[in-house]
There are 2 protein chains.
Amino acid sequence: MRVSASLDYALRAMIELAAATPPGRPVKADEIAERQAIPARFLAQLLAELRRAELVSSGRGYAGGYWLAVPADQITVADIARVIDGPLADVHGMSPEVFGPPGVAAPTRELWIAVRVALRSVLEKVTIADLAAGTLPPGVAALLEDPDAWIRRPDPMRG
Amino acid sequence: MRVSASLDYALRAMIELAAATPPGRPVKADEIAERQAIPARFLAQLLAELRRAELVSSGRGYAGGYWLAVPADQITVADIARVIDGPLADVHGMSPEVFGPPGVAAPTRELWIAVRVALRSVLEKVTIADLAAGTLPPGVAALLEDPDAWIRRPDPMRG
DNA sequence: ATAATGTTGATCTGATTAGTCGGGTATATT
DNA sequence: AATATACCCGACTAATCAGATCAACATTAT
């Protein structure tokens, strides 16, 4: 249940593209790398994946760079996550609905489906336009109102 | 965002313990391994971790085995996940509230906190008593009512 | 031309995951 | 006391993945 460095980098790069001024201007990979403190060569690989998935376009040469291939309000975090990390939620290699745990453990299948729904309820609702504007959609922002959201749970192996 | 084999195995093992008849009877590791099709030696390691975390107890010898150290309705999936896999949601090694992305990408921090809230809303609500009984708590079961919950999203890299 | 830039494929290292193995220790039954 | 049963522990391994680097090549604005 961890967010990979790749996804974090790719998402931040996409936000840089969404926030470019003027809108749609090609942004150089090195510019993103510097502003977001991402290893430049590694970022280039991620941008290449996003380009193959047709979420961004690129141009080379003197005035080259990357720009969004799709309007920012039509690209969700889930879209980026699926390109970079594969399916949102899978149970050791299987899609949850394919997964068939034996006997009394059968209901874990429903559990993992519920987890997937919960993840989708955030990742498919938030677009990079939202993130570039700094305003999350109402349903997601509501999750952050509970002060408990900001509190880390104690490590079970200490104390 | 994947569920590790270890967590899947550990959770299924805990459900076997919760479902043991009569309740509280010591269940042998090999019995769990066979019923749940889990590699026996590997399972033993997971059970040892759960024992060190004081979620299960064990006894050796002829009538030995494992049993829950805590009532089944007081052990959530999140408890097991934290023992086996560490923190529920972290952003490439950091806890989301520690994570401080630069510049225009700053709102991704709120995003990852929202993801953590969403995960907690399922994993901290479902107990192994629920799973052993085959009935998820109302708030979680509600997530499964949307038929869309059961439908897999198309792979972005095909067609 | 040439300098700036993106593209591709190969490679590398360290960590993690998913296991296996051998030998030891405790305990209930006989 | 002997024995069968079962947990305990540390080391080991093989495969995969994450994260990153590099060299060489292709394209384009000036």
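Whatever comes next refers back to the structure up there.
Throughout this description, residue numbers start from 1 for each chain and increase along the sequence as written. Chains carry letters from A onward and ligands carry numbers from 1 onward, assigned in written order. With pLDDT at 70 or above as the cut-off, local features in this predicted model cover only qualifying residues; side-chain atom pairs require 80 or more to be listed or tallied, and sums for whole chains, interfaces and linings still use all residues.

Asker: Quick question: what am I supposed to make of the overall build of chain A here?
Answerer: Going along the chain from the N terminus, every DSSP run of H or I of four or more residues is numbered as a helix, and every run of E of two or more is numbered as a strand. Along chain A, the regular secondary structure elements total seven helices and four strands. Moving toward the C terminus, one meets the helices and strands of chain A in the order β-α-α-α-β-β-α-β-α-α-α. Projected onto its principal axes, the C-alpha positions of chain A cover 65 × 35 × 35 Å. Taking all 159 residues of chain A together, 42% fall into the buried category. Whether two residues are in contact depends on their C-beta atoms, placed from the backbone: they are in contact if these lie within 7 Å. The contacts of chain A with a sequence gap of at least 6 include a subset with a gap of at least 24, amounting to 56%. Exposure classes come from backbone-placed C-beta atoms, where a residue is buried if 20 or more other C-beta atoms lie within 10 Å of its own, exposed if 12 or fewer do, and partly exposed in between.

Asker: Help me understand the nonpolar core, please; the structure alone is not making it clear to me.
Answerer: Generally speaking, nonpolar side chains in soluble globular proteins are found buried as a group. Residues of type Ala, Val, Leu, Ile, Met, Phe, Trp, Tyr and Cys that are buried and joined through C-beta atoms within 7 Å form what is called a nonpolar core. If you look at the biggest cluster of nonpolar residues, it comprises 107 residues, and the most contacted ones within it are Met14(A), Ala114(A), Leu119(A), Met14(B), Ile80(B), Ala114(B) and Leu119(B). Each residue touching Leu119(B), except ones within four places of it in the same chain, is listed here: Met1(A), Val115(A), Ala118(A), Leu88(B) and Ala89(B).

Asker: Is there a simple way to explain the interface of chain A and chain B in this structure?
Answerer: Accessible area lost on assembly of the parts is the figure often given for the size of an interface. Tallying the contact residues gives 58 residues for chain A and 58 residues for chain B. Only strand 1 (2-3), helix 1 (5-18), helix 2 (29-36), helix 4 (77-85), strand 4 (90-91), helix 5 (108-123), helix 6 (128-133) and helix 7 (138-143) of chain A provide two or more residues apiece to the side of chain A that touches chain B. For the side of chain A that touches chain B, the leading source of residues is helix 5 of chain A, giving twelve residues. We call Asp, Glu, Lys and Arg charged. Ala, Val, Leu, Ile, Met, Phe, Trp, Tyr, Cys and Pro are nonpolar, and the rest, Gly among them, are polar. Among the residues making up the side of chain A that touches chain B, the classes are represented as 38 nonpolar, eight polar and twelve charged.

Asker: What should I look at first to understand the protein's contact with DNA strand C in this one?
Answerer: Any residue whose C-beta atom, as placed from the backbone, lies within 6 Å of a molecule or strand is termed near it. Around DNA strand C, a shell composed of 25 residues is seen, among which Arg60(A), Ala5(B), Pro39(B), Gly61(B) and Tyr62(B) lie nearest. Elements that contribute at least two residues to the surface near DNA strand C include exactly helix 2 and helix 3 (40-52) of chain A together with helix 1 (5-18) and helix 3 (40-52) of chain B. Counting residues per element, the surface near DNA strand C draws most heavily on helix 3 of chain A, which supplies four residues.

Asker: How should I be thinking about the protein's contact with DNA strand D in this particular structure?
Answerer: As a matter of local geometry, DNA strand D sits amid 25 residues, with Ala5(A), Pro39(A), Arg41(A), Gly61(A) and Tyr62(A) nearest to it. Elements represented by at least two residues in the surface near DNA strand D include exactly helix 1 and helix 3 of chain A together with helix 2 (29-36), helix 3 and strand 3 (65-68) of chain B. When grouped by side-chain class, the residues that make up the surface near DNA strand D number ten nonpolar, nine polar and six charged.

Asker: Please clarify how the relation of the copies chain A and chain B should be interpreted in this entry.
Answerer: Here two copies of a chain appear, and what relates them is a rotation about an axis with a shift along it. Overlay of chain A on chain B (RMSD 0.1 Å): rotation 180 degrees, translation along the axis 0.0 Å. This pairing of chains is accounted for by a two-fold axis. Relative to the rotation axis, the closest C-alpha in chain A is found at Met1(A), a distance of 2.2 Å. A residue counts toward the fit only if its pLDDT is at least 70 in both copies, and the copies are then superposed by least squares on the C-alpha atoms of those residues.

Asker: Is there a simple way to think about the environment of Gly65(A) in this case?
Answerer: Mapped onto the fold, Gly65(A) is located in strand 3 (residues 65-68). In contact with Gly65(A), other than residues within four places in its own chain, are Pro26(A), Val27(A), Lys28(A) and Gly59(A).

Asker: So what exactly am I meant to see when it comes to the pairing of strand 3 of chain B here?
Answerer: Each regular strand displays side chains that alternate between the two surfaces of the sheet. Residues and elements named next belong to chain B. As paired elements, strand 2 (residues 56-59) and strand 3 share four bridges and run antiparallel to each other. Paired with glycine 59 across the two strands is glycine 65, which belongs to strand 3. With antiparallel pairing between neighbouring strands as the criterion, strand 2 and strand 3 make up a hairpin whose turn holds five residues, including glycine 61 at a positive phi of roughly 80 degrees. Strands are labelled as partners when DSSP assigns at least two bridges between them.

Asker: How should the packing of helix 1 of chain A against helix 4 of chain A be read in this particular structure?
Answerer: For any two helices packed against each other, one specifies the inter-axial angle together with the distance between the axes. All names here are of chain A. To obtain each axis, a line is fitted to C-alpha atoms, and for helices this fit is confined to the stretch in contact; angles are then taken between N-to-C directions over 0 to 180 degrees. Where helix 1 meets helix 4, the closest approach of the two axes is 10 Å, and the angle between their N-to-C directions is 135 degrees. Here helix 1 lies oblique to helix 4, going by the angle between them. Between helix 1 and helix 4 lies a crossing whose hand is right-handed. Contact with helix 1, carried on its side by Ser6, Leu7, Ala10, Leu11 and Met14, involves Val77, Ile80, Ala81, Ile84 and Asp85 of helix 4 and no other residues of that element. In terms of residue class, the contact of helix 1 with helix 4 is made up of eight nonpolar, one polar and one charged. Should an angle fall under 35 degrees it is called roughly parallel, over 145 degrees roughly antiparallel, and 65 to 115 degrees roughly perpendicular, with every other angle called oblique. Left-handed describes a crossing whose near helix is turned anticlockwise from the far helix through less than a right angle; right-handed describes the clockwise counterpart.

Asker: It is not clear to me how the environment of Val3(B) should be interpreted in this structure. Could you clarify?
Answerer: In this structure, Val3(B) sits in strand 1 (residues 2-3). Taking the number of C-beta atoms within 10 Å as the measure of exposure, Val3(B) has 24 and is therefore buried. Along the backbone, Val3(B) and Asp85(B) are 82 residues apart, and their C-alpha atoms lie at a distance of 9.2 Å. Once residues lying within four places of it in the same chain are set aside, the contact partners of Val3(B) are Asp90(A), Val91(A), His92(A), Trp112(A) and Asp8(B).

Asker: Sorry, what's going on with helix 4 (residues 77-85) of chain B here?
Answerer: If you check which residues of helix 4 of chain B are buried, you get Val77(B), Ala78(B), Asp79(B), Ile80(B), Ala81(B) and Val83(B). Gly86(B) occupies a position one or two residues after helix 4 of chain B and carries a positive phi of about 85 degrees.

Asker: Honestly, unusual backbone geometry in this entry has me stumped. Any pointers?
Answerer: Most of the time, phi is negative for any residue but glycine, and the peptide bond is trans. Between Thr21(A) and the following residue, Pro22(A), the backbone shows a cis peptide bond with an omega angle of -5 degrees. With respect to the helices and strands, Pro22(A) occurs in the loop between helix 1 and helix 2. Backbone geometry places Glu54(A), a non-glycine residue, at a positive phi of 60 degrees. Mapping Glu54(A) onto the fold places it in the loop between helix 3 and strand 2 (56-59). For His92(B), which is not glycine, the phi dihedral falls at a positive 25 degrees. Within the element layout of this structure, His92(B) appears in the loop between strand 4 (90-91) and helix 5 (108-123). Judged by C-beta crowding, with 13 C-beta atoms within 10 Å, His92(B) ranks as partly exposed.

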